[in-house]
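What follows is the residue order along each chain.
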Amino acid sequence: MGTTNSAAAGRFTRESSPLTQPMMHGTAPLTARLEPWMEKVISDPDLCQELIKQYGSPLNLHDYSSMGRNIAELRAAAEAHEIDFQIYLARKANKTLGAIDKAIAEGCGIDVASFHELDQCLNRGVPTERLIVTAAVKSAALLRLAVEHGVVISLDNVDEATELLEIAGESEQRVAVALRLASDNPAIPPTRFGLKADQWLSFLEQADKPGKLKVDGIHFHLNGYDGSQRALLVAESLELIGDLRELGQEPAFVDMGGGIPMSYLDDENQWAGFWEALAELPEGDESLTWKSDRLGASGPEASSAVYPFHQKVIRGGWLQQVLETKDSATQKTIAQMLRERGIQLRCEPGRSLLDGCGLTLAEVAFTKTRSDGAPLVGLHMNRTQCRSTSADFLLDPLLIPTGSGRQEREPCDGFLVGAYCIEEELILRRRFEFPLGVGKGDIVAFPNTGGYLMHIIESASHQLPLAKNVRLEGRETILDGIDEAGASLR
Ligand SMILES: *Cc1c(COP(=O)(O)O)cnc(C)c1O
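Residues numbered from 1 in each chain as written. Predicted model: local features only at pLDDT ≥ 70, side-chain atom pairs only at ≥ 80, totals over all residues. Heavy atoms only, no water.

All of the buried residues in helix α6 (residues 115-123) are E117, L118, Q120, C121 and L122. In the stretch just after α6, G125 is the one whose phi turns positive, near 85°. (Buried < 20%, exposed > 50% of the residue type's maximum accessible area, 1.4 Å probe, protein only. Helix = DSSP H or I, 4+ residues; strand = E, 2+ residues; numbered from the N terminus.)

Right, dumping it as structure tokens:
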């Protein structure tokens, strides 16, 4: 293994508490905020070893207790403004059944994005009024299932709405829908999702003569995490609700979708420092990232190609800002406007609800050097198993020294590579230091992977099995059998 001799590495200091002397960190550290349950797991090498032995590598561990805290934070902000409020967990962010169960136990609903997601929730006994179908593309089977059970469907386009009317023609009942609204406001970036208000209004007037569609609410979901954009869209949705009431509809909610921000790391200076160091990095210098990858940033500004892993205003504080935003036309706050019209505000957080709920363990398979001498640490894992659509997952993993020969180890550094037969098969794109060395049989823990990172793009390429999902209850583990057993918890 190579030793650290990079210019960048020396510039960073890391606060080392005696309890958590890091055995692994980025050459520019990005220290994850850990939940107490994660700290417990990481500080128990025997447990980690047993789990990997029993379930294989990598392994996704879950403890859903943090979800309750995350939910309470959002509800407190809504209660302070005395608005009617409901949360729907975005199912696509995590595929375990435990996530559904926890959200339902907390009194939330579920936002589903496919036939299987809906079918599974229904089989699990989720009450229909606590479901919404927001799939971007909906199969006839999905539409039929939703109609059959009276689950609200968020309509995206006219073809879909027409198909739904055909399906609804077979039944006596009116069909509960939400209209997915694409903003007319030039301040909002263009979106592929939904239709503009006037398109929906003319569709209803022309195509829904028998009044089959019962418009229960307005739905939107914006890219990014900007609270002021959400406030603009809530106001625009309330305007559309006014027009719909004139058509005899009685919409009762505005659903502002997901994108409620969270923060993965506490140290703002670390986050800023990482991007500064990356910007200063000479071309070809691999002291920070593989092949001096800029991770989508061309200048000193942080990249828009990755999630903002450090954010100041998150969840409750963020919702409060949205609710306190004043509409420029009426000078009333969003909360006031919702209250006056008796409209419920809904949201569909995925990532920020699953904050603190997941941890991924993977076993070190080998250490070696690239043909030019660059140090590599190979994991029993592939890069689809800790990744979102972001250019990289920017948190330091933790090293659990379960391998042999620890006495003879030397401090070293290296890149984490995975199982796919591709040169660019990096688990993470950053370079890591191992102050006490690293070796075959050690375990690497990726913190806070429950929202998207463990599931959203995972693939079984090379016929490598998907990672097992396990719920932790103390030292007890319960296999969440979604991968193998469909709708039953094993
Ligand atoms: C993905 C998605 C969400 C969840 O977004 P987060 O960023 O995880 O909060 C909510 N609603 C819809 C319609 C989505 O597509």
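A word on the domain arrangement of the protein chain. You can read the domains of the protein chain as domain 1 (4-63 + 356-479) and domain 2 (66-261 + 309-354). With 23 residues of domain 1 at the contact, the number on the domain 2 side is 13 residues. In terms of surface lost to domain 2, no three residues of domain 1 exceed C357, Y452 and H455, which account for 36% of the buried area on that side. For the pair domain 1 and domain 2, the interface holds 2 salt bridges. (Domains from an automatic or database assignment. Contact = heavy atoms within 4.5 Å. Buried area = accessible area lost by both parts, 1.4 Å probe. Salt bridge = Lys/Arg side-chain N within 4 Å of Asp/Glu carboxyl O.)

Moving on, we come to the packing of helix α4 (residues 65-80) against helix α5 (residues 97-105). α5 packs onto α4 with a crossing angle of 40° between their chain directions and a minimal axis gap of 10 Å. By the criterion of interaxial angle, the relationship of α4 to α5 is oblique. Our pair here, α4 against α5, has a crossing hand that is right-handed. From α4, S65, M67 and G68 reach across to α5, where they touch A99, K102 and A103. Of the residues belonging to the contact of α4 with α5, the class tally is 3 nonpolar, 2 polar and 1 charged. (Axes fitted to C-alpha atoms, helices over the stretch in contact; angles between N-to-C directions. Parallel < 35°, antiparallel > 145°, perpendicular 65-115°, else oblique. Left-handed = near helix turned anticlockwise from the far one by under 90°. Nonpolar A, V, L, I, M, F, W, Y, C, P; charged D, E, K, R; others polar.)

A word on the sheet that holds strand β9 (residues 253-255). Around the barrel, 8 strands lie side by side as β3-β4-β5-β6-β7-β8-β9-β10; this closed barrel has parallel pairing. Within the sheet, the average angular offset between the axes of one strand and its neighbour, ignoring direction, is 30°. Where strand β3 (residues 85-90) and strand β10 (residues 344-347) come together, 3 bridges link them in parallel fashion. Within the sheet, the bridge partner assigned to Q86 lies in β10 and is R346. (Pairing = 2+ DSSP bridges.)

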